[in-house]
Amino acid sequence: MHEHAHEIAGAISDEAFRRSLAAIVILALSAPPVGVFLMLRRMSLIGDAMSHAILPGAAIGYLVSGLSVVAMTIGGLAAGLLIAVLAGLVARATELKEDASFAVFLLVSLALGVVLVTANGMNAEDLMHFLFGETAAAVDNDKLLMIAGNATISTLVLAAIYRPLVLDCVDPNFLRSVSGAGVVAHLAFLVLLVVNLISGFHALGTLLGVGMMIIPATVARFWTRDITTMIAVAVVAGLIAGVAGLWASAAAELPVGAGVTLAAGLLYLASIVFGPVGGVLWKLFPGRHLEA
Amino acid sequence: MTGELQFRDVTIGYDRHPAVHHLNGVIAAGSLLAVVGPNGAGKSTLFKGIAGALPLLSGSIDRGGALARDIAYLPQVAEIDRGFPIGVYDMVAMGLWKHTGLFGGIGATSRARIREAIAAVGLTGFEQRAIATLSGGQMQRVLFARLLLQDARTILLDEPFNAIDSKTAADLLALVRRWHGEKRTVLAALHDIDVVREHFPQTLLLAREPVAWGQTADVLTPQNLLKARQMCEAFDEEAAPCTAPLAG
């Protein structure tokens, strides 16, 4: 035990590790709340798919100026926003449902990304970093600032659109009858989705960046029936998974994205078993029924 | 004092197919009007149009100077996500949207009003319950509490008594009568003809176009009901563009 404590202290004194830790903690504060709404709007898989949509934009950024944080962020942001807003508008303005609308835009976007990355011969090592998250050493100051800035924007905007967003989920017709804020809130929400995916992409890699968003949210679903508490639980789950996963992946020299996502997956398993809202144990052993 | 609704050649629908076709007429302020008709007659569509939740294909609705947002609207329960993690108190509090908007706080006065509304529908003690755990009747009571807070001159109720027990229906009907007593305009889409005959002085029998409109006893004749039932439910996919002249 003492040895472990020593090991952790040693890791924390390492500056690169501290930066990674900061990045993950910040991400855990901003991404899970967005994930909660994604889940409640039955858009979890859209979040997953969106993370692929960022690929062509980031690839263009990479082609223009190599592995530059700013260029890849701008490229990814542009691609993600374009697709999110286009798909959102198509879904609102036509009969096509949101998931189908997203599927079309994403597939086209992903295909474009594959063409761009392949045609320009990104080397295998870079591609691995790009897709699965670099090892803990790789979060530089630029990335950290980017993630912190994104988190600040995300949290403030989410607070601003919170009421219409909740109402648009529960009772969209009622919202339309009292306010026109539903459309704005929905589009702003899609922007937040992209912004957090970009952060996730910098901290955890393209494919697994979405893990910090979706998994803590689904974990929280097993612990409460109140939206406010659910967001809080999701953030705590994100923090636990983030810190544990980062530490484990640093110790085993694995990609951070994989470590954090696996840690979150363990929390999810535990929640399925022990969660009081629909968890397996509570269903198998509900206790004696109450007085009527 | 508003509450009057005037329809000028109103057509509302989906994908150019009218679900409500060329509706003309006036609903006087303070009316208690049942909207009756078979499935697909356009009752919900009409309410969405009045509430501003669905754009009109043509024509106009004059809300007596009021905006669509000043009208309280009870959607069908089926269109509400009952699984969403939100409590009774918060759901009812949404009725104060006009006062609070996006950021406004809910002060002591508002909290008292929310408690009153919850008490008025008999749900005191249920404030913290998640809506997922409510029965159908309790959910409808929650929605009526929200309507109470909206304090609107015009109230639209889409199938308010569907699949709820007679005790709940009686309690909610008492609220409807109270609104009528306060000279509010109340429109309710209903299936139960007996409830309509007993509690609603006026009726609009709708089958995409009005079949009959007036005093309930005059409207709900066997002939009229038969005529409404014969309405074809399916949209004619080959329908030509409507040639009726547009009202000026």
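Residues numbered from 1 in each chain as written. Chains lettered and ligands numbered in written order. Predicted model: local features only at pLDDT ≥ 70, side-chain atom pairs only at ≥ 80, totals over all residues.

## Observations regarding the overall build of chain B
Okay, step 1: A count of helical and extended segments in chain B gives nine helices and nine strands.
Okay, step 2: On C-alpha atoms alone, chain B measures out to a radius of gyration of 19 Å, which is about the 18 Å that the 2.2 N^0.38 rule sets for 248 residues.
Okay, step 3: Looking at chain B alone, contacts between residues at least 24 apart form 71% of all its contacts between residues at least 6 apart. (Helix = DSSP H or I, 4+ residues; strand = E, 2+ residues; numbered from the N terminus. Rg over C-alpha atoms; globule rule 2.2 N^0.38 Å. Contact = placed C-beta atoms within 7 Å.)

## As for the sheet that holds strand E2 (residues 17-27) of chain B
Residues and elements named next belong to chain B.
Okay, step 1: As summarised here, the arrangement of the three strands in space is E2-E1-E4, forming an open sheet in which the pairing is antiparallel. Across the chains shown, the open sheet's two edge strands, defined by having one partner strand only, are E2 and strand E4 (58-62). The mean inter-strand angle of the sheet, taken between neighbouring strand axes irrespective of direction, is 25°.
Okay, step 2: As judged from the four bridges shared by strand E1 (residues 5-14) and E4, these two strands associate in the antiparallel manner. Pairing of Gln6 across the sheet is with Asp62, part of E4.
Okay, step 3: Along the sheet, helix H1 (residues 43-51) makes contact with E1, E2 and E4, crossing E1 at roughly 120°. (Pairing = 2+ DSSP bridges. Axes fitted to C-alpha atoms, helices over the stretch in contact; angles between N-to-C directions.)

## Focus: the interface of chain A and chain B
Okay, step 1: With 22 residues of chain A at the contact, the number on the chain B side is 22 residues.
Okay, step 2: Those elements giving two or more residues to the side of chain A that touches chain B turn out to be helix H8 (162-170), helix H9 (172-178) and helix H12 (227-252) of chain A.
Okay, step 3: Ranked by residues supplied to the side of chain A that touches chain B, first place goes to H8 of chain A with six residues.
Okay, step 4: For the side of chain A that touches chain B, the class distribution of residues is 12 nonpolar, four polar and six charged. (Nonpolar A, V, L, I, M, F, W, Y, C, P; charged D, E, K, R; others polar.)

## What about the sheet that holds strand E3 (residues 32-36) of chain B?
Two modes of strand pairing occur in sheets, parallel and antiparallel, and in both the strands are linked by backbone hydrogen bonds.
Residues and elements named next belong to chain B.
Okay, step 1: Strand order in this open sheet of six strands is E5-E6-E7-E3-E8-E9, and the pairing throughout is mixed. Every interior strand has two partners, whereas the edge strands, strand E5 (71-74) and strand E9 (209-215), have only one. Adjacent strand axes in the sheet meet at a mean angle of 15° when their direction is disregarded.
Okay, step 2: Sheet topology note: the E3/strand E7 (residues 185-190) ladder contains five bridges and is parallel. Bridging across to E7, Leu32 finds its partner in Val186.
Okay, step 3: Across the sheet, helix H9 (residues 222-229) lies against strand E8 (202-207) and E9, angled at about 155° from E9, the strand it touches most.

## Comments concerning the packing of helix H3 (residues 44-65) of chain A against helix H4 (residues 69-93) of chain A
Axis angle and axis distance: for two packed helices, these are the angle between their axes and the distance between the axes, and together they describe the pair.
All names here are of chain A.
Okay, step 1: Look at H3 against H4: their axes get within 7 Å of each other, and the N-to-C directions meet at 145°. The element H3 and its partner H4 pack so that their crossing is right-handed. Here H3 contributes Met50, Ala53, Ile54, Pro56, Gly57, Ala58, Ile60, Gly61, Tyr62, Val64 and Ser65 to the contact with H4, which in turn contributes Ala71, Met72, Ile74, Gly75, Gly76, Leu77, Ala78, Ala79, Gly80, Ile83 and Ala84.
Okay, step 2: Partitioning the contact of H3 with H4 into residue classes produces 16 nonpolar, six polar and no charged. (Left-handed = near helix turned anticlockwise from the far one by under 90°.)

## A closer look at the confidence of the model for chain B
Residues and elements named next belong to chain B.
Okay, step 1: For chain B, per-residue confidence averages 88 on the pLDDT scale, and residues scoring 70 or more make up 94% of the total.
Okay, step 2: Across chain B, element-level confidence peaks in E3 with a mean pLDDT of 95 and bottoms out in helix H3 (residues 97-100) with 83.
Okay, step 3: Note on the complex model: pTM 0.80, ipTM 0.79. (pLDDT = per-residue confidence, 0-100.)

## Notes on the pairing of E8 of chain B
Residue and element names in this part refer to chain B.
Okay, step 1: Judged by how many residues are buried, E8 sits mostly within the fold: five of six residues are covered.
Okay, step 2: Judged from the four bridges that link them, E3 and E8 form a sheet pairing that is parallel. Looking at the pairing, Leu33 lines up with Gln202 of E8.
Okay, step 3: The sheet contact formed by E8 and E9 spans six bridges and is antiparallel. Bridging across to E9, Leu204 finds its partner in Trp213. (Buried ≥ 20, exposed ≤ 12 C-beta atoms within 10 Å, placed from the backbone.)

## Re helix H6 (residues 166-181) of chain B
Residues and elements named next belong to chain B.
Okay, step 1: Here H6 contains 16 residues, and its C-alpha end-to-end distance of 22 Å stays within 8% of the 22 Å for a straight helix at 1.5 Å per residue.
Okay, step 2: Residues Thr168, Leu172, Val176 and Trp179 constitute the buried set of H6. Down the axis of H6, the buried set is contained in an arc of 75°. They therefore lie on one face. In H6, the exposed positions that point more than 90 degrees away from the buried face belong to Ser166, Lys167, Ala170, Ala174, Arg178 and Gly181.
Okay, step 3: Looking at the packing, one finds that the buried side of H6 touches helix H5 (136-150), strand E6 (154-158) and E7.
Okay, step 4: The positive-phi residue at the C-terminal boundary of H6 is Lys183, with phi of around 65°. (Expected span 1.5 Å × (residues − 1). Arc of directions from axis to C-beta.)

## Notes on the pairing of E1 of chain B
All names here are of chain B.
Okay, step 1: Pairing of E1 with E2, which is carried by seven bridges, proceeds in the antiparallel orientation. Within E2, the position partnered with Val10 by the bridge is Leu23.
Okay, step 2: Between the antiparallel neighbours E1 and E2 lie two residues, among them Asp15 with a positive phi of about 55°.

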